[in-house]
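Summary of the model geometry
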Amino acid sequence: MVSMTRPKIVVLGSFNADLVMYVDRLPAPGETISGRRFATGPGGKGSNQAVAAARLDGDVTFVGRVGIDSFANIGFELWQKEGVKSDYVSRDSARATGIASIAVEESGENIIMVALGANLAVTHGDIDAAAAVIERADVLMVQLETNLDAVEYALRAAKKAGVITILNPAPAVPLPAEMLALADFLTPNQTELQTLTGNQGLSVPDAARSLISSEKQTVVVTLGAQGAAWFRRAGQGSSSAYKVNVMDAVGAGDAFNAGLAVALAEGMELPEALAFAGAAAAVSVTRPGAAASMPYRNEVDELLQRRG
Ligand code: RIB
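This section reports on the structure supplied with the text. (Residues numbered from 1 in each chain as written. Predicted model: local features only at pLDDT ≥ 70, side-chain atom pairs only at ≥ 80, totals over all residues. Heavy atoms only, no water.)

**Comments concerning the sheet that holds strand 2 (residues 16-23)**
Pairing within the open sheet is mixed, and its 4 strands lie in the order 3-2-6-7. Looking at the sheet topology across the chains shown, the edges are occupied by strand 3 (37-43) and strand 7 (110-115). The sheet shows a mean angle of 20 degrees between the axes of neighbouring strands, taken without regard to direction. Here strand 6 (residues 98-105) runs beside strand 7; their pairing, made up of 6 bridges, is antiparallel. Residue pairing in the sheet places valine 104 in a bridge with asparagine 110 of strand 7. Where helix 2 (residues 70-82) meets the sheet, it contacts strand 2, strand 3 and strand 6, and its direction lies at approximately 65 degrees from that of strand 3. (Pairing = 2+ DSSP bridges. Helix = DSSP H or I, 4+ residues; strand = E, 2+ residues; numbered from the N terminus. Axes fitted to C-alpha atoms, helices over the stretch in contact; angles between N-to-C directions. Contact = heavy atoms within 4.5 Å.)

**Looking at the packing of aromatic side chains**
For the coordinates displayed, the defined rule picks out 3 aromatic pairs. Look at phenylalanine 15 and tryptophan 79: their rings are 5.4 Å apart centre to centre, the planes differ by 75 degrees, and that puts the pair in the edge-to-face class. In this pair, phenylalanine 15 sits in the loop between strand 1 (8-12) and strand 2 while tryptophan 79 sits in helix 2, placing the two residues 64 residues apart along the sequence. Taken as a pair, phenylalanine 15 and tryptophan 79 share a single burial class, namely buried. Plain terms: the ring middles of phenylalanine 62 and tryptophan 79 are 5.1 Å apart, the flat faces sit at 45 degrees to each other, and that makes the pair tilted. Taken together, the positions of phenylalanine 62 in strand 4 (residues 59-66) and tryptophan 79 in helix 2 put the pair 17 residues apart, joining distant regions of the chain. Residues phenylalanine 62 and tryptophan 79 agree in their burial class; the two are buried. An aromatic cluster is built from Phe15, Phe62, Phe76 and Trp79, whose rings are joined through pairwise contacts. A cation over an aromatic ring shows up here: arginine 232 above the ring of tryptophan 230, its NZ or CZ 5.5 Å from the ring centre. One cation-aromatic arrangement involves arginine 307 over tyrosine 242; the distance from NZ or CZ to the ring centre is 3.7 Å. (Phe/Tyr/Trp six-rings, centres within 6.5 Å; stacked < 30°, edge-to-face > 60°. Buried < 20%, exposed > 50% of the residue type's maximum accessible area, 1.4 Å probe, protein only. Lys NZ or Arg CZ within 6 Å of the ring centre and 35° of its normal.)

**Some thoughts on helix 5 (residues 148-160)**
For helix 5, which comprises 13 residues, the first-to-last C-alpha distance of 18 Å matches the rise-based estimate of 18 Å (1.5 Å per residue) to within 8%. For helix 5, the complete set of buried residues consists of Ala150, Val151, Ala154, Leu155 and Ala158. Projected onto a plane normal to the axis of helix 5, the buried residues spread over an arc of 135 degrees and lie on a single side. Summarising the contacts, the buried residues of helix 5 are in contact with strand 1, helix 3 (124-129), helix 4 (131-136), strand 8 (139-142), strand 9 (164-167) and helix 6 (177-180). Immediately downstream of helix 5, the backbone of glycine 162 shows phi near 75 degrees, a positive value. (Expected span 1.5 Å × (residues − 1). Arc of directions from axis to C-beta.)

**Thoughts on helix 9 (residues 252-265)**
Between its first and last C-alpha, helix 9 extends 20 Å over 14 residues, near the 20 Å set by a 1.5 Å rise per residue. Downstream of helix 9 by a residue or two, glycine 267 has a phi angle that is positive, lying close to 90 degrees.

**Points about the site of the ligand**
Close to the ligand lie 13 residues, the nearest being Asp18, Gly44, Lys45, Glu145 and Asp254. In this structure, asparagine 48 approaches the ligand through a side-chain N or O atom, which is 3.1 Å from an oxygen atom. Aspartate 254 is positioned with one of its side-chain polar atoms (N or O) 2.7 Å from an oxygen atom of the ligand. Relative to its unbound accessible surface of 280 Å², the ligand loses 97% to contact with the protein. Within the shell around the ligand, the residues separate by chemical class into 4 nonpolar, 5 polar and 4 charged. (Near = heavy atom within 4 Å. Polar contact = N/O pair within 3.5 Å; in protein donor to acceptor, adjacent residues only side chain to side chain. Areas by Shrake-Rupley, 256 points an atom, 1.4 Å probe, with all protein chains shown as cover. Nonpolar A, V, L, I, M, F, W, Y, C, P; charged D, E, K, R; others polar.)

**Remarks on the side chain of arginine 65**
In this fold, arginine 65 is placed in strand 4. Of the polar contacts made by the side chain of arginine 65, one reaches the side chain of aspartate 92; its length is 3.0 Å. For arginine 65, the contacting residues outside a window of four places in its chain are Val89, Ser90, Arg91, Asp92, Ala118, Asn119, Ala121, Val122, Thr123 and Asp126.

**Section: the packing of helix 1 (residues 45-55) against helix 2**
Across the interface, helix 1 lies against helix 2 with an axial gap of 10 Å and an inter-helix angle of 15 degrees. When the axis of helix 1 is compared with that of helix 2, the two are roughly parallel. Once helix 1 is placed against helix 2, the crossing between them reads as left-handed. Two secondary-structure elements touch here, helix 1 through Ser47, Val51, Ala54 and Arg55 and helix 2 through Leu78, Trp79 and Glu82. Residues belonging to the contact of helix 1 with helix 2 are distributed by class as follows: 4 nonpolar, 1 polar and 2 charged. (Parallel < 35°, antiparallel > 145°, perpendicular 65-115°, else oblique. Left-handed = near helix turned anticlockwise from the far one by under 90°.)

**Observations concerning the environment of valine 285**
Turning to its location among the elements, valine 285 is positioned in the loop between helix 10 (270-284) and helix 11 (297-307). For the pair valine 285 and alanine 249, spaced 36 residues apart in sequence, the C-alpha to C-alpha distance is 4.8 Å. With residues near it in sequence (within four places) discarded, valine 285 still touches Val244, Asn245, Val246, Met247, Asp248, Ala249 and Ala252.

**Some words on the sheet that holds strand 13 (residues 235-239)**
Spatially, the 9 strands line up as an open sheet ordered 5-4-1-8-9-10-11-12-13, and their pairing is mixed. Two strands lie at the open edges of the sheet, namely strand 5 (85-91) and strand 13, each paired on one side alone. In this sheet, strand 12 (residues 228-232) lies alongside strand 11 (residues 218-222) in antiparallel orientation, the contact comprising 4 bridges. Counterpart to valine 219 in the pairing with strand 12 is phenylalanine 231. Here helix 1 sits on the sheet in contact with strand 1, strand 4 and strand 8, set at roughly 165 degrees to strand 4. Along the sheet face, helix 2 touches strand 4 and strand 5 and points at about 165 degrees away from the line of strand 5.

None of the figures reported here should be taken as evidence of function without further support.
Written out as structure tokens, the structure is:
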């Protein structure tokens, strides 16, 4: 049954100030090219997901760590404006706020380099401080731009409380099986899926199935323009992508994960939840920026209605 109250979502994750160069084409190694435009704006996979979940009508708390520099202020201003609760974002006097250096080419394709700084210093104490909020949440969502021990600690707290857990393994690193098992939903893209399975060149279904450790676990693989596919021990399915004009794909995965979190927290079944998540990602790629491009609920609902 679909719930009528705003779903409670906690996102543990990264905030980065994104320094974005818009170029005609991405440079080759050793090459210098001229940019068309430069912009600074809020990003970080965790914060992007928190902003998207709030725009999609979630009651969202963001847990993370930033520096005491002026880049951190971009984050606090954003969360206040977007209605994301930031009471559990700590400030670290010894480390800088995360930075992402991004290039986006004409086709919407991008490259991203991150210096994660304070994002990698989240303590168990930071998570303990938010324990009551995590335990009352419908969904806890995490990614991998935060130190892994903190990610695992938060997943354990959520699992113990019966909260739905989403692990978006981005950017991917090989993860221990015990950590993967803490995720009710694992949401790699194809590259991340290969990293998680040791780059053995397995097919998407074989790789996804090899990650599943219980009946309750679902692996959702995002496939870009091909949509998404899901795998459980008991079955599998897919969801096609929406046809939109791609302007900037930065943050598309974040919008997808936020859509999935909101949909699951609202009690949608998986096929419906994936359609909702796909629509959220589709809206995000039609405009530039990371946090700035995150979708609003009415836009997602309209896209879903148009498809019928
Ligand atoms: O997913 C997009 C995000 O990845 C950017 O906002 C950048 O900060 C990096 O974390």
